[in-house]
Amino acid sequence: MTTEPPVILWFRRDLRLADNPALEHAHATGRPILPVYVLDEATEGRPLGGASSWWLDKSLRALSRALAERGGRLVLRRGDAETELRRLIQETGADAVFLNRLFEPAAFARDADIAHALNADGVNVKGYNGALLCRPGSVRTGSGGPYKVFTPFFRALMASAEAPPHTLGPRQFQPVPNLESEDLDDWRLHPTLPDWSTGFDWTPGEDGAREALSRFTSGPLGDYARLRDIPGQNGTSRLSPHLHWGEISPWRAVTAARDAASRGKVSEAQAEKFIAEIGWREFSAHLLAEFPQITDTAFRPEYDTMPWRKDEGALEAWRRGRTGYPIVDAGMRQLWSTGWMHNRVRMIVASFLIKHLLIDWREGEAWFWDTLVDADQASNAQNWQWVAGSGADAAPYFRIFNPITQGQKFDEDGRYVRLWVPELARLGDRWLHAPWTAPPEVLRDAGVRLGHTYPRPIVEHDAARKRALDALKSIDKTK
Ligand code: FAD
């Protein structure tokens, strides 16, 4: 065994060996690498939601296996990150900690404090960007400020950012002393009593991420611009949780799309559409880094004077997928069953909560935070504020999604609603998205008893729309 002090590789949301800048740099030192994960929810900002905990559990197991296959070992610790890092430094004589940065403000500040404290004790802390195409703060307007509008931001990002070379990580890890490591089972990240995750059809980890990307680029990417709006089809990449947990680098997704286009497998336009969506992820992260308040305060302050309603019954009907609007209920049930919801439907259910029910977007954001496997502070807040009309580059508030016509347009053949709202499965396409309009004999033949087998609408669309527009008129535009 080598006597050289190891370099601590502090894994966080970069749970991969390929394209991992901190790992590459640690490897380049020629010293043994000590891979560590510290479960420290107290100082990183917001505690993990249930679905995120589920994912983390599996992703750490996958990373552990991948390291073991290369002779390494993932050390697991739980508690205050700085205390645990100091313990490891003491136990091993390590004098360097390498990490990929987290850009959420609370985590970023916590990391800066740790780096400062360890540096003062002679430990070299080195941080890299493995999470985003570009470090927040590096894409600026002509006058040096942050972009608040997506299109010019994305243009500037793409003009300045360059893909780093693809790397696979070290083939072999040098052994490091046998250190105490916690048992992942003891962390109880997987739900029990009840185990609500039985429908979670995901393969967390780097291999799962690579497979998702390859399935996508060799299939749906070719028709992405159309398919991405059809929730009944598997037409998007489903990379969001893999990207969130850093199981794949965003550059990998971008270069895979570009490669598919340059080999003539897909058109440039389809590849660009997909890359623009990765751009929205980037925009969200940069916005949050610049405007930390957007997780709980309206970006446009006047929207915080909206006369939100407190209606626990309606909120609960929304959460459980029992609003009486089939496309909304299908989305909320897909979320509960699988930990994910199609983007088009996320917009519909968010609009329904905010506008039809006039319930504060922060309630929806919190539910998504707990139930999404891709729950991400930046993307979640940015998108909720986009729908609420209060965001930086948001949809205007008065544009209110009609859940009936949205269903008819984007789930024309009813495949999505029939899958997630099986009690309506036998209702014909004509009535599926508005079952209360169906004649009694049609409902009877389809086995639907409104108010019994499926709820009646909890609000009436036209009245709810009017109430939402009146609320908009009442907000204080001088704020
Ligand atoms: P694809 O269509 O394959 O897109 C590729 C990647 O681009 C995604 O994996 C994602 O990283 C990124 N992306 C796509 N659309 C967006 C978008 N609108 N904003 C930011 N990034 C995007 N996404 C999250 O990752 N975490 C969240 O917590 C989250 N909350 C959302 C809340 C609401 C109310 C809405 C309307 C959207 C939210 N999104 C969130 C964005 C989007 O719905 C998901 O990223 C997308 O559905 C993931 O599926 P996919 O990987 O198949 O996407």
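These numbers come from a predicted model, not from an experiment.

Visitor: Even after reading the chapter, I still don't get the sheet that holds strand β2 (residues 33-39), so can you show me in this structure?
Guide: Hydrogen bonds along the backbone pair up the strands of a sheet, which may run parallel or antiparallel. The strand order across the open sheet formed by 5 strands is β3-β2-β1-β4-β5, and the pairing between neighbours is parallel. Each edge of the sheet is formed by a strand with only one pairing partner; in this case those strands are β3 (75-78) and β5 (124-128). Ignoring strand direction, the axes of neighbouring strands in this sheet form an average angle of 25°. With 4 bridges joining them, strand β1 (residues 7-11) and strand β4 (residues 96-100) adopt parallel strand pairing. Opposite I8, over in β4, you have V97 as the bridge partner. The sheet contacts of helix α1 (residues 21-28) involve β1, β2, β4 and β5, and relative to β4 the element is tilted by about 150°. The strands touched by helix α4 (residues 81-92) are β1, β2, β3 and β4; relative to β2, the strand with the most contacts, the crossing angle is about 150°.

Visitor: Got a minute to help me understand the UniProt feature "domain: Photolyase/cryptochrome alpha/beta" (unreviewed entry) in the chain in this structure?
Guide: Under the local residue numbering, the UniProt record ascribes the feature "domain: Photolyase/cryptochrome alpha/beta" (unreviewed entry) to residues 5-133. As annotated, residues 5-133 comprises 47% helix and 20% strand, and the C-alpha atoms at either end are separated by 32 Å.

Visitor: Please explain the environment of L227 as it appears in this structure.
Guide: With respect to the helices and strands, the residue L227 is situated in helix α8 (residues 224-227). Classification of L227 as partly exposed rests on a count of 16 C-beta atoms within 10 Å. On a C-alpha basis, the gap between L227 and F410 in space is 9.8 Å, while along the polypeptide they are 183 residues apart. The residues touching L227, leaving out its near neighbours within four places in the chain, are P220, Q233 and G235.

Visitor: Please explain the packing of helix α11 (residues 268-290) against helix α16 (residues 377-388) as it appears in this structure.
Guide: When two helices pack together, their arrangement is given by the angle between their axes and by how far apart the axes lie. Between α11 and α16, whose axes approach to 8 Å, the crossing angle comes to 95°. The angle between α11 and α16 places the two elements in the roughly perpendicular class. Across the interface between the two elements, R281, S284, A285, L287 and L288 from α11 touch Q377, A378, S379, A381 and Q382 from α16. Of the residues in the contact of α11 with α16, the class split is 5 nonpolar, 4 polar and 1 charged.

Visitor: Hey, could you run me through the site of the ligand in this one?
Guide: In the neighbourhood of the ligand, 27 residues make up the surrounding shell, with T236, S237, N343, N380 and N383 lying closest. Secondary structure elements with two or more residues in the shell around the ligand: α9 (240-244), α11, α14 (343-356) and α16.

Visitor: Could you clarify how one ought to interpret unusual backbone geometry in this entry?
Guide: When glycine is set aside, most residues are seen to have a negative phi, and most peptide bonds are trans. In the segment running from L193 into P194, the intervening peptide bond is cis, with an omega of 0°. Relative to the assigned elements, P194 resides in the loop between α6 (150-160) and α7 (206-217). Here the phi dihedral of D19 falls at roughly 50°; this positive angle occurs in a residue that is not glycine. Within the secondary structure, D19 sits in the loop between β1 and α1. Here the phi dihedral of R188 falls at roughly 50°; this positive angle occurs in a residue that is not glycine. Of note, R188 is situated in the loop between α6 and α7. Overall, R188 belongs to the exposed group, with 10 C-beta atoms counted inside 10 Å.

What counts and how
- Residues numbered from 1 in each chain as written.
- Predicted model: local features only at pLDDT ≥ 70, side-chain atom pairs only at ≥ 80, totals over all residues.
- Pairing = 2+ DSSP bridges.
- Helix = DSSP H or I, 4+ residues; strand = E, 2+ residues; numbered from the N terminus.
- Axes fitted to C-alpha atoms, helices over the stretch in contact; angles between N-to-C directions.
- Contact = placed C-beta atoms within 7 Å.
- UniProt positions renumbered as here; feature names shortened; annotations may be inferred.
- Buried ≥ 20, exposed ≤ 12 C-beta atoms within 10 Å, placed from the backbone.
- Parallel < 35°, antiparallel > 145°, perpendicular 65-115°, else oblique.
- Nonpolar A, V, L, I, M, F, W, Y, C, P; charged D, E, K, R; others polar.
- Near = placed C-beta within 6 Å.

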